[in-house]
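Structure at a glance
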Amino acid sequence: MTSISTTQSPQRNLLQRVQETRARASEIEDTLDDHPYAEDQILLKVDADLSQEQIRQLAADYGATVGQQFPIPEVMKEKFNGQLLLLKTGASLSEAQTMAAMEGDSRVLLSAVNDQMELVNGVTAPRVNANGEPVTAEAGQDERLPNDLNPEQWALRNKNIRGGKDGADISAGKAWNITTGGGKNGPIIAVIDSGIDAFHEDIKDNMWVNPVESEKDGQDNDRDGFTDDVHGLNAVDGTGNIFDEVGHGTHVAGIIGAVGNNEKGIAGVNWDTQLMGVKIAEGERVSLIAAINGTLYATERGARIANHSWGGPRRNPILEDVMASSPMLHVCAAGNAQQDSDQHPFFPAGFDSPNIISVGASTRRDDPLFFSNWGANTVDVHAPGARVFSTLPVHEYDELSGTSMASPHVAGVAGLIVSKFPDITNEEIRDRIMFSSDPLEGMRQLSVSGGRLNAFRALEDDKIAPADITGLKVTGTSADGFSISWNGVGDDGLEGKAARYELLADFGDKQQRLIPQFPKGSGEKEVFNFQTNPLDVERPFSLKLNAVDNVGNRSGVATTSGVMPAAEVPLSNNFDADDNWTTEGTWGKVAVEGRGLVYSDSPEGPHEPGSDTSLTSPAFSLKDMRNATLSFDAKMTTNKYDFLFVEVSTDGKGWKNLEVLRQDRTPGYDQWGSYKMDLSKYDGQEHVQIRFNYEPSNKSKEDGVMVDNVKVISAKNVGGEA
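All of the points below concern the structure found in this document. (Residues numbered from 1 in each chain as written. Predicted model: local features only at pLDDT ≥ 70, side-chain atom pairs only at ≥ 80, totals over all residues. Heavy atoms only, no water.)

**Thoughts on the sheet that holds strand S23 (residues 511–514)**
- Spatial ordering of the open sheet is given by S23-S22-S25-S26, a layout of 4 strands whose pairing is antiparallel. Both outer strands of the open sheet, S23 and strand S26 (558–564), are each paired with one neighbouring strand and no more. Neighbouring strand axes in the sheet, compared pairwise and without regard to direction, differ in orientation by 25° on average.
- Inspection of the sheet shows strand S22 (residues 500–506) paired to strand S25 (residues 539–548) by 7 bridges, in the antiparallel sense. Looking at the pairing, Tyr-501 lines up with Ala-547 of S25. (Pairing = 2+ DSSP bridges. Helix = DSSP H or I, 4+ residues; strand = E, 2+ residues; numbered from the N terminus. Axes fitted to C-alpha atoms, helices over the stretch in contact; angles between N-to-C directions.)

**Details of unusual backbone geometry**
- In this structure, the amide linkage connecting Phe-347 to the following residue, Pro-348, adopts the cis form with an omega of 15°.
- Mapped onto the elements of the fold, Pro-348 is located in the loop between strand S13 (329–333) and strand S14 (356–362).
- Unusually for a residue other than glycine, Asn-627 sits at a positive phi of about 55°.
- Along the chain, the position of Asn-627 falls in strand S32 (residues 625–637).

**Topic: the pairing of strand S36 (residues 689–695)**
- The element S36 is largely enclosed, with a buried count of 6 among its 7 residues.
- The sheet contact formed by strand S31 (residues 613–616) and S36 spans 4 bridges and is antiparallel. Among the inter-strand pairings, Ser-614 is bridged to a residue of S36, identified as Asn-693.
- Across 7 bridges, strand S33 (residues 643–649) lies against S36 in antiparallel orientation. Residue pairing across strands places Glu-647 opposite Arg-691, the latter belonging to S36. (Buried < 20%, exposed > 50% of the residue type's maximum accessible area, 1.4 Å probe, protein only.)

**Quick look at the packing of helix H10 (residues 403–420) against helix H11 (residues 426–435)**
- Interhelical geometry of H10 versus H11 gives an angle of 120° and a closest axis separation of 10 Å. Comparing their axes, H11 and H10 come out oblique. H10 and H11 meet at a crossing whose hand is right-handed. Contact residues: Val-410, Ala-414, Ile-417 and Val-418 in H10; Ile-429, Arg-432 and Ile-433 in H11.
- Here the contact of H10 with H11 is composed, by residue class, of 6 nonpolar, no polar and 1 charged. (Parallel < 35°, antiparallel > 145°, perpendicular 65-115°, else oblique. Left-handed = near helix turned anticlockwise from the far one by under 90°. Contact = heavy atoms within 4.5 Å. Nonpolar A, V, L, I, M, F, W, Y, C, P; charged D, E, K, R; others polar.)

**Concerning the side chain of Asp-148**
- With respect to the helices and strands, the residue Asp-148 is situated in the loop between strand S5 (123–125) and helix H6 (172–175).
- One buried charge, Asp-148, has no salt-bridge partner; the nearest side chain with opposite charge is Lys-264, at 9.4 Å.
- Among the polar contacts listed, one links the side chain of Asp-148 to the backbone nitrogen of Asn-261, at a separation of 2.8 Å.
- The residues touching Asp-148, leaving out its near neighbours within four places in the chain, are Gln-153, Asp-202, Val-259, Gly-260, Asn-261, Asn-262, Glu-263, Lys-264, Gly-265, Ile-266 and Ala-267. (Lys, Arg positive; Asp, Glu negative; His and termini not counted. Salt bridge = Lys/Arg side-chain N within 4 Å of Asp/Glu carboxyl O. Polar contact = N/O pair within 3.5 Å; in protein donor to acceptor, adjacent residues only side chain to side chain.)

**Focus: the sheet that holds strand S21 (residues 481–487)**
- Spatially, S20-S21-S24 is the arrangement adopted by the 3 strands of the open sheet, whose pairing is antiparallel. Strands with a single pairing partner mark the edges of an open sheet, and in this sheet they are strand S20 (470–478) and strand S24 (525–531). Shown here is a sheet whose adjacent strand axes are inclined to one another by a mean of 15°, direction ignored.
- Sheet topology note: the S21/S24 ladder contains 7 bridges and is antiparallel. Bridge assignment links Ser-485 to a residue of S24, and that residue is Val-527.

**A word on the environment of Thr-637**
- You can see Thr-637 is positioned in strand S32.
- When the C-alpha atoms of Thr-637 and Val-322 are compared, they prove to be 45 Å apart, with 315 residues separating the residues in sequence.

**Topic: the pattern of salt bridges**
- Applying the stated rule across the entire model yields 29 salt bridges.
- A salt bridge links Glu-245 to Lys-279, with the shortest nitrogen-to-oxygen separation between them at 2.6 Å. Linking Glu-245 in the loop between strand S7 (232–234) and helix H7 (248–257) with Lys-279 in strand S8 (residues 274–279), this pair joins segments that are 34 residues apart in sequence.
- Among the charged side chains, a salt-bridge network with shared partners connects Asp-366, Asp-438, Arg-452 and Arg-457.

Below you can see the structure in the form of structure tokens.
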């Protein structure tokens with residue numbers, strides 16, 4: 001094992017290590033700046049074989065002490081393969097300095113700060129039915145409805161709801177003909193949240209009961225370190241007091257499992273279940289340590305499913321490892337930031353693990369909820385999350401909105417699935433939930449499934465896979481894409497209609513999941529057109545295609561391949577040879593080591609304040625072209641008041657701004673960077689020119705701007721799609 005050398009004093013050796021890792025510490029510090037975390041604390045995953053004395057020595061080597069050692073459940077030990085610690089760092093080093101210094105230590109497997117996360121807020125909305133009195137809904141054909149299904153529970157049965165769309169629900173009435181939950185012999189569902197009002201009139205009979213702590217007697221009867229954890233754990237203070245002061249967790253719990261058919265309030269997705277309360281929040285602030293402790297607690301006590309309606313924007317590797325190692329299915333809210341999770345991940349929903357489901361929110365009109373996150377590759381499914389009517393503490397009921405409310409609908413359906421199929425795996429549950437979802441064109445590119453949750457379809461007992469796909473072929477290629485077609489297959493062999501097609505493209509340097517249209521039906525001709533940015537080199541590709549039904553049965557994989565030709569290059573200059581670019585002002589060529597000749601706005605030294613200079617390309621044609629793209633390299637040594645305008649003209653006289661580069665908005669300031677800009681707006685134009693117009697301020701003299709490797713590429717427009 002690697003440790004700190006004993007040839008020097010530990011303090012001196014640590015200081016030396018800190019000096020050697022200064023640059024890395026600075027990088028870590030940059031990643032910590034934007035989001036809150038607990039000071040003087042670091043989470044560590046260490047070698048599983050370290051003794052207690054070696055653990056204490058490890059902490060001491062970095063001027064720290066062991067604040068907590070987390071008990072890893074037996075069912076997690078093999079997969080987690082390590083020990084989990086909370087270190088309290090010394091006052092002399094920052095968290096970033098300590099983590100950087102530890103990176104070369106083989107005893108340390110992972111490190112992370114103690115992030116501070118938040119509940120995914122449920123937004124309160126006024127109720128349509130002010131008195132909230134439960135009214136028995138009239139069952140339709142093939143539906144089984146409880147006597148306490150409130151008319152406001154549109155998510156379960158959307159019929160004649162004001163502002164709603166009939167059928168924009170999870171088909172709960174049909175699902176309840178199959179199962180209403182597993183009861184006390186069914187799956188335990190952990191609500192990892194702000195707690196639960198375990199004495200709520202509509203929840204108390206569905207609360208999980210710790211068999212060794214069945215009553216509050218002030219004793220730790222199961223000797224697990226927690227007193228009176230009868231219905232779950234307060235992981236914030238280590239007690240059994242899970243009362244929910246803010247209402248968030250109680251609302252979530254009611255969606256999953258409010259008692260059904262009891263003539264009170266509402267019905268949960270599961271009428272009869274076991275809800276375990278795991279309190280990890282004080283107010284709306286979530287403790288990462290509590291979330292980890294709560295996850296370990298729920299795992300140790302046999303929870304099968306956990307709902308996580310909380311999170312944050314920073315990926316925490318310790319939390320990720322704990323959740324991936326737990327055998328529970330983790331159902332997670334995708335977040336309410338109104339952004340693409342593929343570009344701006346939200347965690348824990350964004351962790352890539354087969355036992356995690358990320359859930360976006362839908363409305364009573366089957367539209368995506370406007371502030372819900374989405375992601376073609378990072379959100380798995382949408383579920384009702386707008387104006388959801390559920391339980392609140394002290395026997396109250398009201399509406400909340402958000403992905404916090406969408407996630408428990410999925411957790412509830414997962415509970416029904418496990419009740420019906422007790423031996424099912426997490427991957428199989430995930431498949432059923434995603435592929436049984438009702439396909440909606442408005443959501444097709446917003447999640448992996450492209451659909452909204454359907455409980456009834458998820459419960460089908462179907463062991464027949466779709467037929468193998470035939471007739472797959474490439475029907476056309478271009479520099480910016482390709483077209484393929486195949487013969488459609490059914491849900492059961494060639495009968496019915498498959499739920500989805502899964503299409504994977506391999507471009508040699510990367511694999512990419514593509515999103516075909518929803519299946520048309522067995523025997524129908526299916527067509528898919530793929531479009532991307534053109535490149536000036538040939539791109540071979542291979543494709544794998546299979547069909548999947550609503551419960552996850554898959555056909556065999558069909559394959560084909562092709563080559564996208566190189567793009568047209570209407571303009572290309574690296575400036576090493578003579579060129580016919582036009583300069584105004586001081587622009588001229590300079591030699592740069594490793595690059596050859598480049599254009600600079602100030603080849604003779606720093607530019608004069610307030611100067612206005614430009615570099616203009618020769619004219620080129622984009623006639624019969626499409627998806628034109630401009631690329632170039634640039635280095636800016638400027639101040640924040642200096643501007644480089646990248647401009648386009650179609651007549652050599654009028655110039656339109658394409659983009660502005662400036663010091664405070666340009667990554668890698670004072671370094672060479674590569675830039676790409678969309679020119680497709682000018683497709684079809686016969687006379688196009690590019691101009692780099694540099695306008696420095698009057699503030700100071702700077703070295704200015706250098707430009708190199710300017711290129712325009714585009715696909716040949718041969719009419720129609722690729």
